[in-house]
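Coordinates in review
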Amino acid sequence: MIQSPSLLSGHAPKSRRHVVELLGALSEQERSDLYAAGQRALAATQSLLQKGRTVISEIIGTTPYVEWEHYPRRDAKSRSGALFYYHAHAASQRMKDEHGHFHVFASNDNSACPHDQRYTHIAGLSVDERGMPLRVFTTNQWVTAECWESADRICALARQTELKDARPHKVGVWLDAVFAFFRPQIDLVIHMRDARIKALEARGRTQLFEDRRTHILSQCRIDFSTQILALEELGAQAP
């Protein structure tokens, strides 16, 4: 249960106990699937490290790194229409230890979506300078100019989204694995997003989707080691 202070702030609890409770609510098969996704994510990370690279250097390439610039410039798009890009805000606007973050979007064929908005933001993923995940978060509509959907619809779209055939290929493979590994936290922040919007509107906030004071709607800290150890504590094993 999300307590009201966390609901209004948009911050999910970050304790190890919360991770165990979150994963403990899943079925044994779901935890096994998460564990397998974690192994894929680690393998993808190690594959890059063995060549002296990280997911960041893989997507930025040899060009000078510029704040706010999209990497790749035209975004990375899969054959299904899903896409992602990486960028960083000014240092004063980043969380502690954040190098930058990925934005991942699902293709959305909902006929109610405007022709130029056939995509929906799944979540953002902050990483440190080594490319290790720090948090997942959701953003307000003005940030992404997306086709807005309910939390349940976004969670369904997320499970249908694959990025492995986007370029750079290794980054797409890595993102697929990381998003699968932290799926419970992503589902959590997506539902927290909707709950926070309702709470803010109940307090009299109007035109919230265009309100530039509200950028991030919900967020949750994540950590590879904590997730793996929690799964192992709950009995998850590699298949």
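Below is a short write-up of the structure. All values reported here derive from a predicted model rather than from experimental measurement.

Describing the overall build of the protein chain
Helix and strand content of the protein chain: nine helices and six strands. Its C-alpha atoms give the protein chain a radius of gyration of 17 Å, within 12% of the compact-globule value 18 Å for 239 residues. For the C-alpha atoms alone, the extent of the protein chain along its principal axes is close to 50 × 45 × 40 Å. In the protein chain, 69% of the contacts between residues at least 6 apart in sequence involve partners at least 24 apart. A total of about 12400 Å² of accessible surface is found on the protein chain, and carbon and sulfur atoms cover 49% of it. Averaged over its 30 positive side-chain charges, the protein chain has a centre that lies 3 Å from the centre of its 28 negative ones.

Observations concerning the state of the cysteines
The final tally for this structure, using the stated rule, is one disulfide. Free of any disulfide, Cys155 has its nearest cysteine sulfur in Cys220, 13 Å distant.

Some points on the packing of aromatic side chains
Considering all chains together, one arrives at 11 aromatic pairs under this definition. Ring centres of Tyr65 and Tyr71 lie 5.4 Å apart, and the angle between their planes is 40°; this geometry places the pair in the tilted category. Of the residues examined, Tyr71 reaches a relative accessible area of 6% and is grouped as buried. Pairing Phe181 with Phe182 gives two aromatic rings, centres 4.7 Å apart and planes at 55°, and the pair type is tilted. Accessibility expressed as a relative area gives 0% for Phe181, which makes it buried. A network of ring pairs unites the aromatic residues Tyr65, Tyr71, Phe84, Tyr86, Phe102 and Trp174 as a single cluster. The ring of Phe137 carries the charged tip of Arg135 above its face, separated from the ring centre by 4.7 Å.

Looking at the side chain of Arg193
Checked against the element boundaries, Arg193 lands in helix α8 (residues 183-202). Assessed through its relative accessible area of 3%, Arg193 is described here as buried. Engagement of the side chain of Arg193 in a polar contact is seen with the side chain of Asp194, the distance being 2.6 Å. Each residue touching Arg193, except ones within four places of it in the same chain, is listed here: Thr138, Trp148, Glu149, Ser150, Ala151, Ile154, Leu217 and Ser218.

Some words on helix α9 (residues 224-233)
Along an α-helix, residues three or four apart share an orientation, since each turn contains 3.6 residues. Those residues of α9 that sit buried are Phe224, Gln227, Ile228, Ala230 and Leu231. Here the buried residues of α9 occupy an arc of 165° about the axis, which is enough to place them on one side. Where α9 is buried, its residues touch α2 (16-24), α3 (28-49), β5 (133-139), α7 (169-181) and α8. Residue Asp223 occupies the N-cap position of α9, its side-chain oxygen lying 3.2 Å from the main-chain nitrogen of Ser225.

Some thoughts on the pattern of salt bridges
On inspection of all chains with the given rule, the structure shows 15 salt bridges. A salt bridge links Asp187 to Arg159; the shortest N-O distance between them is 2.6 Å. Within this pair, whereas Asp187 is found in helix α8, its partner Arg159 is found in helix α6 (residues 151-160), the two being separated by 28 residues in sequence. Using a relative accessible area of 16% as the deciding quantity, one classes Asp187 as buried.

Here's the deal with the environment of Ala37
Note on placement: Ala37 falls in helix α3. Residues Ala37 and Trp174 lie 137 residues apart in sequence; the distance between their C-alpha atoms is 10.0 Å. Leaving out residues up to four positions away in the same chain, Ala37 has contacts with Ala177, Ala180 and Phe181.

Some points on unusual backbone geometry
In this chain, Tyr71 is followed by Pro72 through a cis amide linkage whose omega measures -10°. Considering the arrangement of structural elements, one finds Pro72 in strand β1 (residues 71-77). In the segment running from Arg167 into Pro168, the intervening peptide bond is cis, with an omega of 5°. Tracing the sequence through the fold places Pro168 in the loop between α6 and α7. The phi torsion at Asp97 lies on the positive side, around 75°, for a residue other than glycine. Relative to the elements of secondary structure, Asp97 occurs in the loop between β2 (83-87) and β3 (100-107). The phi angle at Ala145 is positive, at roughly 50°, despite the residue not being glycine. The residue Ala145 is located in the loop between α5 (141-144) and α6 in this model. By relative accessible area, Ala145 is classed as partly exposed at 36%.

Here is what the cut-offs are and how they apply
Residues numbered from 1 in each chain as written. Predicted model: local features only at pLDDT ≥ 70, side-chain atom pairs only at ≥ 80, totals over all residues. Heavy atoms only, no water. Helix = DSSP H or I, 4+ residues; strand = E, 2+ residues; numbered from the N terminus. Rg over C-alpha atoms; globule rule 2.2 N^0.38 Å. Contact = heavy atoms within 4.5 Å. Areas by Shrake-Rupley, 256 points an atom, 1.4 Å probe, with all protein chains shown as cover. Lys, Arg positive; Asp, Glu negative; His and termini not counted. Charge placed at Lys NZ, Arg CZ, Asp CG, Glu CD. Disulfide = S-S within 2.5 Å. Phe/Tyr/Trp six-rings, centres within 6.5 Å; stacked < 30°, edge-to-face > 60°. Buried < 20%, exposed > 50% of the residue type's maximum accessible area, 1.4 Å probe, protein only. Lys NZ or Arg CZ within 6 Å of the ring centre and 35° of its normal. Polar contact = N/O pair within 3.5 Å; in protein donor to acceptor, adjacent residues only side chain to side chain. Arc of directions from axis to C-beta. Salt bridge = Lys/Arg side-chain N within 4 Å of Asp/Glu carboxyl O.

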